[in-house]
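Breakdown of the fold
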Amino acid sequence: MSHSYDRGLVEDFGRWREFTAGMWAWIFHKFTGWILVGYLFTHIAVLSTAIPGAAGETVNDVNVYTYTIQELESLLLVRVMEVGLLAVAVFHILNGIRLLMVDLGIGLDAQDRSFYLSLVLTAVIAVASVPTFLEGML
Amino acid sequence: MSTQEQEPATQEQEPPETESPGDRRRAEKQRRLAADRQAEAEAATTTDEETVLLKVFRYDPEVEDKQEPRFDDFHVPYEDGMTVLDALIYARDTFDSSLTFRHSCRQAICGSDALFVNGSQRLACKTQLSDLDAPVRVEPLPHQDVVKDLVVDMEHFYDQMHAVEPYFQSDDLPEGDLEEQRQSRENREKVKMSTRCIWCGACTSSCNIAAGDNQYLGPAAINKAYRFTMDEREADKKEHRLRILEQEHGVWRCQTQFSCTEVCPKDIPLTEHIQELKREAVKKNLKFW
Ligand code: HEM
Ligand code: SF4
Ligand code: FES
């Protein structure tokens, strides 16, 4: 076929309005998975301040590790992002369980409903966690 | 035969003096039919306004003003039970004879008219216009090169289908010359849905893994392989079949997006079959003894 028209990949994601449940589940799962990987590195960076902390290093007379945590937790942005992180982790776990069921061939006919269930449960858990994460901030 | 044919002629020459009850009945029926026909014609003229707007993808590398892809509008008079294919045929026969698309059986069995209609892969002959929102956007299948208008190049899809050796190939034949290779009812039920594939390519077109990985077998080919892998009359070839399927670009590429299962016009549970073959492939390789 010397002359033929290739519409390329770009238009795929231009059609997001037409995506079905399984496709959304896939996109959210990849997205949340990579956010968790990103968080893992941030987490390691914060925790690594405990190494000089163990040797007794301080900032303003406070142990450097304690100081880092206190400073971070005093920021509203960090508290809000913690709620987001919980939501991302909960969705990834719930949808991960859904995917494991799909791998085992269990309830494939309900795969769209189990995706919606993951979303609803994630929302409920994230909302329920707000008082805990924002304690003392508002 | 001949005498019967002559009779009406003689009757015409000498019309009966008295009307028989049969004549009255027939005349009454004629009047009723005529009235029906008139009512129908009137209905047709009043609903003439009811047209469906089709926006159809056009492209032809050999025609100068069609080299740049575009959408053409066709206003097709709507009729009850009209399918997208009917509307396309009407548009081609009435408005533009150069409008090109594949079709044959018009009953969802030849698999030649899978199109991208209002954002999803559907068989044009199996899709009622009444189920769609207007305007109806008709495009060729995504992820295949467009040859002309709604016609895509299916060569790669057929290559994938052939890659799984889509034919029965047991060496384990029955003794007698004319003896049948019997299949149990249960086994027939197991492969039943997978035998229904009409090679339309809708599933592979909907799969964004297949779009990004040209070597991936794709849902249709894997389903075809399922049909034979799960056929117990071919038990001696099961390992051979699984060896093809468990390759890097075989079943493991599937990420269970369910897009193929959603669009298959024959309602084949494609994702389920792919997942089952993944488990078969694992079972073949996992040995604890
Ligand atoms: C109980 C916890 C978890 C469960 C049940 C789970 C489950 C899964 C499953 C089943 C998949 C495969 C999805 C597919 O087939 O497409 C997956 C993918 C993934 N997970 Fe998790 N996961 C969990 C925790 C995590 C954590 C803590 C991280 C990050 C550190 C993570 C990062 C990822 C990433 C990046 C992918 C995508 C991999 C790819 O691109 O294919 N997951 N997860
Ligand atoms: S599996 Fe379904 S969608 Fe795919 S080619 Fe066969 S009939 Fe068409
Ligand atoms: S024309 Fe044969 S499947 Fe539609």
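The notes below deal with the structure included here. (Residues numbered from 1 in each chain as written. Chains lettered and ligands numbered in written order. Predicted model: local features only at pLDDT ≥ 70, side-chain atom pairs only at ≥ 80, totals over all residues. Heavy atoms only, no water.)

This part covers the overall build of chain A. Along the backbone of chain A there are six helices and two strands. The buried share of chain A, taken over its 138 residues, is 26%. Taking the intrachain contacts of chain A between residues at least 6 apart in sequence as the baseline, contacts between residues at least 24 apart amount to 64%. Counting every atom, chain A has about 8,900 Å² of accessible surface; 71% of that belongs to carbon and sulfur. (Helix = DSSP H or I, 4+ residues; strand = E, 2+ residues; numbered from the N terminus. Buried < 20%, exposed > 50% of the residue type's maximum accessible area, 1.4 Å probe, protein only. Contact = heavy atoms within 4.5 Å. Areas by Shrake-Rupley, 256 points an atom, 1.4 Å probe, with all protein chains shown as cover.)

Residues and elements named next belong to chain B. Strand order in the open sheet made by the five strands is β2-β1-β5-β3-β4, with mixed pairing throughout. The open sheet has two edge strands with one neighbour each: β2 (70-77) and β4 (120-123). For this sheet, the mean inter-axis angle between neighbouring strands, taken without regard to orientation, is 35°. Pairing between strand β1 (residues 51-58) and β2: eight bridges, direction antiparallel. In the sheet register, leucine 53 faces β2, and the bridge partner there is histidine 75. Along the sheet face, helix α3 (residues 84-94) touches β1, β2, β3 (114-117) and β5 (136-139) and points at about 100° away from the line of β2. (Pairing = 2+ DSSP bridges. Axes fitted to C-alpha atoms, helices over the stretch in contact; angles between N-to-C directions.)

Take the site of ligand 2 next. In the vicinity of ligand 2 there are 14 residues, among which B:Cys197, B:Cys200, B:Gly201, B:Cys203 and B:Cys264 approach most closely. Of the residues in the shell around ligand 2, the class split is 12 nonpolar, one polar and one charged. (Near = heavy atom within 4 Å. Nonpolar A, V, L, I, M, F, W, Y, C, P; charged D, E, K, R; others polar.)

Residues and elements named next belong to chain B. Per the counting criterion, the structure on display carries 22 salt bridges over all chains. Note that lysine 66 is salt-bridged to aspartate 149, the shortest N-O span being 3.1 Å. Of the two residues, lysine 66 is situated in the loop between β1 and β2 and aspartate 149 in the loop between β6 (146-148) and β7 (151-152); the sequence distance between them amounts to 83 residues. Residues lysine 66 and aspartate 149 agree in their burial class; the two are buried. Between arginine 137 and glutamate 139 there is a salt bridge; the shortest N-O distance is 3.4 Å. When salt bridges with common partners are traced through the structure, they connect Arg58, Lys66, Arg70, Asp72, Asp96 and Asp149 into a single cluster. (Salt bridge = Lys/Arg side-chain N within 4 Å of Asp/Glu carboxyl O.)

Among the residues of α3(B), those classed as buried are B:Val84, B:Leu85, B:Ala87, B:Leu88, B:Ile89 and B:Ala91. Buried-residue contacts for α3(B) involve β1, β2, β3 and β5 of chain B.

Cis rather than trans, the peptide bond between B:Ala134 and B:Pro135 has omega equal to -5°. For B:Pro135, the location among the structural elements is in the loop between β4 and β5. Positioned with a positive phi, A:Asp61 is a non-glycine residue whose angle comes to about 70°. Within the element layout of this structure, A:Asp61 appears in the loop between β1 (58-59) and β2 (62-63).

Between the first and last C-alpha of helix α5 (residues 76-103) of chain A there are 40 Å, a value that for 28 residues agrees with the 40 Å anticipated at 1.5 Å per step. Those residues of α5(A) not exposed but buried are A:Val78, A:Arg79, A:Val83, A:Ala87, A:Val88, A:Val90, A:Phe91, A:Asn95, A:Gly96, A:Arg98, A:Leu99 and A:Val102. Lining the buried residues of α5(A) we find α2 (21-47), α4 (64-73) and α6 (111-133) of chain A together with α11 (270-285) of chain B. A:Gly105 sits one or two residues past α5(A) and shows a positive phi near 75°. (Expected span 1.5 Å × (residues − 1).)

So, on to the site of ligand 1. In the vicinity of ligand 1, the residues found are A:His29, A:Lys30, A:Gly33, A:Trp34, A:Leu36, A:Val37, A:His92, A:Ile93, A:Gly96, A:Leu99, A:Leu100 and B:Gln255. One chain alone does not account for the residues near ligand 1; they come from chains A and B. Within the side chain of A:His29, a nitrogen or oxygen atom sits 3.1 Å from a nitrogen atom of ligand 1. In this structure, A:His92 approaches ligand 1 through a side-chain N or O atom, which is 2.8 Å from a nitrogen atom. (Polar contact = N/O pair within 3.5 Å; in protein donor to acceptor, adjacent residues only side chain to side chain.)

Turning our eyes to something else, we now look at the pairing of β3(B). Because side chains alternate across β3(B), one face comprises the buried residues B:Ala114 and B:Phe116, and the other comprises B:Leu115 and B:Val117, equally buried. In textbook terms, the turn of a hairpin is the stretch between consecutive antiparallel strands, and for β3(B) and β4(B) this stretch comprises two residues, one of which, B:Asn118, has a positive phi near 45°.

Time to look at the interface of chain B and chain A. The partner chain A presents 24 residues to the 31 residues of chain B that form the contact. Counting the surface lost from both chain B and chain A, the interface buries some 2,300 Å², and carbon and sulfur atoms represent 53% of this. Linking chain B to chain A there are zero salt bridges. Contributions of two or more residues to the side of chain B that touches chain A are made by β6, α7 (208-212), α10 (259-263) and α11 of chain B. The greatest single-element share of the side of chain B that touches chain A, amounting to four residues, is contributed by α11(B). Taken together, the residues that form the side of chain B that touches chain A break down as 14 nonpolar, 11 polar and six charged. (Buried area = accessible area lost by both parts, 1.4 Å probe.)

Take the packing of aromatic side chains next. By the definition in use, this model includes 11 aromatic pairs over all chains. A centroid spacing of 5.7 Å and a plane angle of 45° characterise the contact between A:Trp24 and A:Phe28, whose relative ring orientation is tilted. Remark: A:Phe28 and A:Trp24 occur in helix α2; sequence separation between them is four residues, near one turn of the helix. For A:Phe28, a relative accessible area of 30% corresponds to the partly exposed category. With a centroid separation of 5.6 Å and 45° between ring planes, the pair formed by A:Phe115 and A:Tyr116 is classed as tilted. We classify A:Phe115 as buried; its relative accessible area is 3%. In this arrangement the basic side chain of B:Arg227 is found over the ring face of B:Phe228, its NZ or CZ atom lying 4.6 Å from the centre. (Phe/Tyr/Trp six-rings, centres within 6.5 Å; stacked < 30°, edge-to-face > 60°. Lys NZ or Arg CZ within 6 Å of the ring centre and 35° of its normal.)

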